[in-house]
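Fold and geometry: a report
Residues per chain are reported as follows:
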Amino acid sequence: MSAIHPLRSCSITLATMVAITWMAATPLANAVTFNTDDMQSHEDWQSMTLSLDGEQHYRAVEASSYSDAMLSLNATAGICDLPWLEMRVTLDQQQDESRTVNLVPSRLRIDEQPVIDTMAEFITERGDDGFYAHFYLSDLTTLMADMRQGEQLFLGFDQEDREPWYMTFSLKGADTAINHMLGQCEGAGDSK
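Residues numbered from 1 in each chain as written. Predicted model: local features only at pLDDT ≥ 70, side-chain atom pairs only at ≥ 80, totals over all residues. Heavy atoms only, no water.

The secondary structure content of the protein chain amounts to three helices and 10 strands. For the protein chain, the sequential pattern of α-helices and β-strands runs α-β-β-β-β-β-β-β-β-α-β-β-α. Taking the contacts inside the protein chain whose residues are at least 6 apart along the sequence as the reference set, 57% of them involve residues at least 24 apart. A total of about 10,000 Å² of accessible surface is found on the protein chain, and carbon and sulfur atoms cover 47% of it. (Helix = DSSP H or I, 4+ residues; strand = E, 2+ residues; numbered from the N terminus. Contact = heavy atoms within 4.5 Å. Areas by Shrake-Rupley, 256 points an atom, 1.4 Å probe, with all protein chains shown as cover.)

The structure is reproduced here in structure tokens:
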């Protein structure tokens, strides 16, 4: 169920939010690195294919709004109809374990559309210097349609008794990037 809420800016930085939420662990392992192919630019967005040992993922990503964060829409070959939305924040060091750090109430909004209240799962991956937020969304099809037509995507994360933490990502080029990502994913299924 969606509710309309105002989204305000907050001066908390990405590093402060991550530090408030949890303490980063010491480095230990090497992260799995996927091969990147078919990378294309679409204004503020890019699309690409990620592959490793027969595993293929397709991504539409916006990494121009922040130097240490990116928003991506992802799909996996064979299950292209189950994409997921994720945000990645770069940390100061590699993480020593894969774990769920927290489950946080969050909200998304495209331009002046109604706010989507949801939950974001904050996770780390062993050997990776990223902090990931995976969003639980019941109607990603509608969100993708709004992303294709919108100008900005607003994200908000609750921080218990502190002011919520907000971010804004550009949607300039999202339409073309999402179409290319889904086309590549669906095309991969046709070629098998």
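Our focus in this paragraph is helix α2 (residues 140–149). Regarding α2, the residues found buried are Leu-140, Leu-143, Met-144 and Met-147. Buried residues along α2 cover an arc of 100° about the axis, so they all sit on one side. Residues Thr-141 and Gln-149 are exposed on α2 and point more than 90 degrees away from its buried face. (Buried < 20%, exposed > 50% of the residue type's maximum accessible area, 1.4 Å probe, protein only. Arc of directions from axis to C-beta.)

Here the idea is simple: oppositely charged side chains can pair when their charged atoms come close. Enumeration according to the criterion identifies seven salt bridges in this entry. The shortest N-O distance in the salt bridge between Arg-88 and Asp-128 comes to 2.6 Å. Separated by 40 residues along the polypeptide, Arg-88 in strand β5 (residues 84–90) and Asp-128 in the loop between β7 (116–124) and β8 (130–136) bring together distant segments of the chain. The buried category is assigned to Arg-88, whose relative accessible area is 14%. (Salt bridge = Lys/Arg side-chain N within 4 Å of Asp/Glu carboxyl O.)

Enumeration according to the criterion identifies one disulfide in this entry. Cys-80 shares a disulfide with Cys-185; S-S distance 2.1 Å. An S-S torsion of about -90° defines the bridge between Cys-80 and Cys-185 as left-handed. In this pair, Cys-80 sits in the loop between β4 (69–76) and β5 while Cys-185 sits in helix α3 (residues 174–190), placing the two residues 105 residues apart along the sequence. Side by side, Cys-80 and Cys-185 carry an identical accessibility label, which is buried. (Disulfide = S-S within 2.5 Å.)

A word on unusual backbone geometry. Even without a glycine there, the phi angle at Asp-111 is positive, about 45°. When you line up the elements, Asp-111 lands in the loop between β6 (99–110) and β7. In this model, Glu-160 sits at a positive phi of 55°, which is unusual for a non-glycine residue. Tracing the backbone shows Glu-160 in the loop between β9 (152–159) and β10 (162–170).

Attention shifts here to the sheet that holds β5. Pairing is antiparallel across the open sheet formed by 10 strands, whose spatial order is β1-β2-β3-β4-β5-β8-β7-β6-β9-β10. Only two strands of the sheet have a single neighbouring strand rather than two, namely β1 (35–42) and β10. Strand-to-strand twist in this sheet, taken as the mean axis angle between neighbours without regard to direction, amounts to 30°. Alignment of strand β2 (residues 45–52) against strand β3 (residues 55–62), held across eight bridges, turns out to be antiparallel. Bridged to Leu-50 within β3 is His-57. (Pairing = 2+ DSSP bridges. Axes fitted to C-alpha atoms, helices over the stretch in contact; angles between N-to-C directions.)

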